[in-house]
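# Close look at the chain arrangement
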Amino acid sequence: MKEMLSVTSSPHIRHIDTTRGIMGDVIIALCPAAVYGCILFGWYAAVLLAVCILSCVGAEYLWNLLLKKPQTVGDLSAVVTGLLLGMNLPAKLPVWMAVIGSVVAIIVVKQMFGGIGHNFVNPAIAARIVLMVSFPSFMTKFYEPFSGVVASATPLAATADVVPSVRYLFFGMHSGCIGETSAFLLLLGGLYLILRRVINPFVPICFIGAFALITWATGGNVGTQLFSGGLFLGAIFMATDYTTSPSTPIGTILFGIGCGLLTFVIRRFGSLPEGVSYSIILMNILVPHIDRLTAFKPFGAKEVAKNE
Amino acid sequence: MSVKERILRPVKRIHGGTPLPHLKHTAEQETVIMPAPARVRIPLSQHIGAPANPIVKKGDQVYVGTLIGEAPSFVSAMIHSSVSGTVAGIEDYAPGGVGAKCIVIDSDGEMTPDPDLKPFPVKKAEDIAQAARACGLVGLGGAGFPTHVKLKPDGIDTLVVNAAECEPFLTGDYRECMERYDDVINGVYLLKKYLDLKQVIICVENNKPKAIEQLYQIATDYRDADDTVKLMKLPSSYPQGAEKVIIYSATGRIVPPGKLPADVGCIVMNITSVSTLYRFIATGMPLVAKRITLDGTAVKEPKNILVPIGTPIRDLLDFTGEDFAEGARVLMGGPMMGNPVADLDSVVEKRNNGILIMTEAQSKQQTACIRCGRCARACPMRLFPSKVEAAYLSGLSDRYNELNVMYCMECGSCSYVCPAKRPLTQVMRVAKSELRRKKK
Ligand code: SF4
Ligand code: SF4
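Residues numbered from 1 in each chain as written. Chains lettered and ligands numbered in written order. Predicted model: local features only at pLDDT ≥ 70, side-chain atom pairs only at ≥ 80, totals over all residues. Heavy atoms only, no water.

## What to know about the overall build of chain B
- Broken down by element type, chain B carries 14 helices and 18 strands.
- For 440 residues, the compact-globule estimate of 2.2 N^0.38 gives 22 Å, and chain B sits close to it at 22 Å.
- Dimensions of chain B along its principal axes, counting C-alpha atoms only, are 65 × 60 × 45 Å.
- Across the 440 residues of chain B, 59% fall into the buried class.
- If you take every contact in chain B between residues at least 6 apart in sequence, the share linking residues at least 24 apart comes to 73%.
- Working note: accessible area of chain B is about 17400 Å², and carbon and sulfur atoms make up 53% of it. (Helix = DSSP H or I, 4+ residues; strand = E, 2+ residues; numbered from the N terminus. Rg over C-alpha atoms; globule rule 2.2 N^0.38 Å. Buried < 20%, exposed > 50% of the residue type's maximum accessible area, 1.4 Å probe, protein only. Contact = heavy atoms within 4.5 Å. Areas by Shrake-Rupley, 256 points an atom, 1.4 Å probe, with all protein chains shown as cover.)

Next comes the structure, spelled out in structure tokens:
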């Protein structure tokens, strides 16, 4: 008698992490800052986040359906993109603009390049930049916490005398995009991701470190520059996107430092108050080159080269 | 330095690696001895190199340890009978591949040792390799490379004794440390003396503190003036027991791709090989039985069993009373590198160290690569498996050749860590054979 046995290729055990699990962890890590943003800016902010998530997932679902591709919304990456995009929007952006942003992120930036793992820039950031360029006045209208009053300027753009204290900024009592205000909660989410080994800590550390160092060295106001604007959201959650960041250890360090320096240059010398998105996207484009320049030699190959 | 520091040496270098679940359920169980099965089928090719030539014929009386297959060339190995009884014939052995043969022996159930067995006298360096050859010793860790081939003394100064046992589930080498430590240490000193070694480093992963303590005690009792025999606790990360990785951890030396440990002055021997060689030299009993860890997700009573070589897996499972559902996977070896068997008539060979029965439904659904880089970080050879896979899927053989796919040791780490469940190791294997085929 012959039994039916399965014959599969080794290895026969697999790590429990899945793409879906990793994306789930990112969502968990983003939640505190997102919820806080909704408390800070009111129910409309929550609507905006929901719209972004739903339209991202919907866009991916329809794309796969129409092109008869295997359905991929189950990997939750569209939810992450939607949530990140929403968190990068001002609290009272018209809903239809948010939908446009989501569709651009998923269809143009992600799916047209082949879907997850094939986009060369971060979809949420690219969409934010598209919105910024198309609707500049809406995208730069920020609101004071709780009151809903239009803020005269985000702390980044404010003149020195009206800048709130660093402690206020760190915990997030200031105007800005929905999800970027509380550096503290974003840091908490980042720690969670580092502990769960989802993200590589070198990227945010080098990003924020390089930025802080050069701001300090050139006599800038380190506290304000660090804790206001999108630095923490960008450094922890967007620069660490797998697909668009380098995969070698030295590469990630170079990438982080590059992001930090570019952010500084744009904030200090550019006409824009905020430079995080632009610097990440510029560095995204350099990733293939960074990867190639810092590629590993196989174990022992150096020794061969030396002997020959 | 205190005695402890002189014997228990810190790891020289640490080389990446992946933490795996240990699952060493059988670690603290005494080895069970399996009685003679009714019939054994002993393959003539259980090693890398030429198959042995049968020197018995149907009807011959054999005993435990009787030579039944003679190695025809240098890279080959002797084959001995593992039971006492009568030769029933020479048959094809399908699981061994095309043209593979085995000697079938009907056991008389007595397990009578061959009366002609006698200790193998060792007087000079060459005798050690001769002993390994006569013992039929092959790499017991899984590779099956004939041991005598690497035991040439020129230019060798270090023996690395591999007791890392980095695969989950397996505990055979650990039990060897615990049950037959005297043979291990005697073997170590014998090798040291005749091969004129400067140092012997016994490497154990740090998840086996009892084995380390045990070996430390014995090593202290035996120690010589200059402490040539050292003990090293390796980090438990996979694949710590891979030859190149263990040499790097133990000595800091790097074996370049395409080179052998001997090129950097090292011999690596599995700990069970060392004690088996010593037993052969002391008693004349060659390698006829192997300790097998029977475990896996579908096994109810995991245990270590000393099994005569050539025992069909079916008999082994009858003996232990294990049962399993259809569609289970039966593996020879560990879960990372073991091979699935297609049918239960496959037999236990010298190089087997475990039989695992795994329930199905472990293979998760594949999704697209998210370029997380985990596979590259896990690879002990520092390759980039996801890039190789992409190149392979686009049929770019030059590209994956450039990516050094030939250096892959098929350790399985990349597939293990991949969150998208890409079949990376499988692709590496196919890409390698593709390149090999092209070269011809
Ligand atoms: S581990 Fe898997 S998902 Fe990550 S880069 Fe490698 S192949 Fe891609
Ligand atoms: S199987 Fe090959 S490519 Fe994969 S981790 Fe092991 S050595 Fe590297």
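## Comments concerning the interface of chain A and chain B
- Across the contact, 37 residues belong to chain A and 60 residues belong to chain B.
- Taking both partners together, chain A and chain B bury about 4300 Å²; carbon and sulfur atoms supply 58% of that area.
- When the area that chain A buries against chain B is broken down by residue, the three leading residues are A:His12, A:Arg14 and A:Phe299, summing to 21%.
- Joining chain A to chain B, the criterion identifies one salt bridge.
- For A:Asp17, the salt bridge is made with B:Arg374, and the minimal N-O distance between the two is 2.9 Å.
- Our count for the chain A to chain B interface comes out at 16 residue pairs in polar contact (both at pLDDT 80 or more).
- Contributing elements (two or more residues each) for the side of chain A that touches chain B: helix H1 (19-41) and helix H14 (301-307) of chain A. (Buried area = accessible area lost by both parts, 1.4 Å probe. Salt bridge = Lys/Arg side-chain N within 4 Å of Asp/Glu carboxyl O. Polar contact = N/O pair within 3.5 Å; in protein donor to acceptor, adjacent residues only side chain to side chain.)

## Focus on the packing of helix H2 (residues 125-135) of chain B against helix H8 (residues 271-283) of chain B
Residues and elements named next belong to chain B.
- For the pair H2 and H8, interaxial distance at closest approach is 10 Å and the crossing angle is 95 degrees. By the angle between their directions, the pair H2 and H8 is classed as roughly perpendicular. Here Ile128, Ala131, Ala132, Ala134 and Cys135 of H2 come into contact with H8, specifically with Thr276, Leu277, Phe280 and Ile281.
- Here the contact of H2 with H8 is composed, by residue class, of eight nonpolar, one polar and no charged. (Axes fitted to C-alpha atoms, helices over the stretch in contact; angles between N-to-C directions. Parallel < 35°, antiparallel > 145°, perpendicular 65-115°, else oblique. Nonpolar A, V, L, I, M, F, W, Y, C, P; charged D, E, K, R; others polar.)

## What to know about the domain arrangement of chain B
Residue and element names in this part refer to chain B.
- As assigned here, chain B comprises domain 1 (125-283) and domain 2 (374-439).
- Taking only C-alpha atoms into account, the centre of domain 1 sits 30 Å from that of domain 2.
- Contacts between the two partners involve six residues from domain 1 and, on the opposite side, six residues from domain 2.
- Both sides together, the interface formed by domain 1 and domain 2 hides about 460 Å², and carbon and sulfur atoms give 75% of it.
- Among the residues domain 1 hides against domain 2, the three largest losses belong to Tyr238, Pro239 and Pro257. Together they make up 67% of the total.
- The interface formed by domain 1 and domain 2 includes zero salt bridges.
- Taken together, domain 1 and domain 2 are joined by one residue pair in polar contact (both at pLDDT 80 or more).
- Here the residues of the side of domain 1 that touches domain 2 are counted per class, giving five nonpolar, no polar and one charged. (Domains from an automatic or database assignment.)

## Here's the deal with the site of ligand 1
- Close contacts around ligand 1 come from 13 residues, with B:Cys369, B:Cys372, B:Gly373, B:Cys375 and B:Cys418 the closest.
- Split into classes, the residues belonging to the shell around ligand 1 amount to eight nonpolar, two polar and three charged. (Near = heavy atom within 4 Å.)

## Concerning a nonpolar patch on the surface
Residue and element names in this part refer to chain A.
- Taken together, the side chains of Val108, Met112, Phe113, Phe120, Leu282 and Ile285 present a nonpolar region at the surface, about 550 Å² in accessible area.
- Counting through the fold element by element, leucine 282 comes out in helix H13 (residues 276-293).
- Accessibility expressed as a relative area gives 42% for leucine 282, which makes it partly exposed. (Patch = residues over 30% accessible without salt bridge, like charges linked within 9 Å, V, L, I, M, F, W, Y side chains within 5 Å.)

## Let's talk about the site of ligand 2
- Taken together, B:Cys379, B:Pro380, B:Pro385, B:Cys408, B:Met409, B:Glu410, B:Cys411, B:Gly412, B:Ser413, B:Cys414, B:Thr425 and B:Met428 form the complete shell of residues around ligand 2.
- Its residues assigned to classes, the shell around ligand 2 comprises eight nonpolar, three polar and one charged.

## Some words on the pairing of strand E8 (residues 85-92) of chain B
Residue and element names in this part refer to chain B.
- Alignment of strand E5 (residues 61-62) against E8, held across two bridges, turns out to be antiparallel. The residue bridging valine 62 from the neighbouring strand is glycine 85, located in E8.
- Of the pairings in the sheet, the one linking E8 to strand E9 (residues 101-107) comprises seven bridges and is antiparallel in character. Each residue of the ladder has a partner; that of aspartate 92, found in E9, is lysine 101. (Pairing = 2+ DSSP bridges.)

## Here's the deal with the packing of aromatic side chains
Residues and elements named next belong to chain A.
- Tallied over the full model, the rule gives 12 aromatic pairs over all chains.
- Measuring from centroid to centroid gives 5.1 Å for phenylalanine 113 and phenylalanine 120, while their planes differ by 80 degrees, and the two rings are edge-to-face.
- Given a relative accessible area of 43%, phenylalanine 113 falls into the partly exposed group.
- Taking relative accessible area as the criterion, phenylalanine 120 reaches 40% and is therefore assigned partly exposed. (Phe/Tyr/Trp six-rings, centres within 6.5 Å; stacked < 30°, edge-to-face > 60°.)

## Some points on the pattern of salt bridges
Residues and elements named next belong to chain B.
- Here the structure, examined in full by the defined rule, presents 25 salt bridges over all chains.
- Aspartate 60 serves as the salt-bridge partner of lysine 57, at 3.5 Å between the closest nitrogen and oxygen.
- On the basis of relative accessibility, which here comes to 57%, the residue lysine 57 falls in the exposed class.
- Owing to a relative accessible area of 21%, aspartate 60 belongs among the partly exposed residues under this scheme.
- When salt bridges that share partners are traced, they join Glu30, Arg175, Glu176, Glu179, Asp183, Arg279 and Arg291 into one network.

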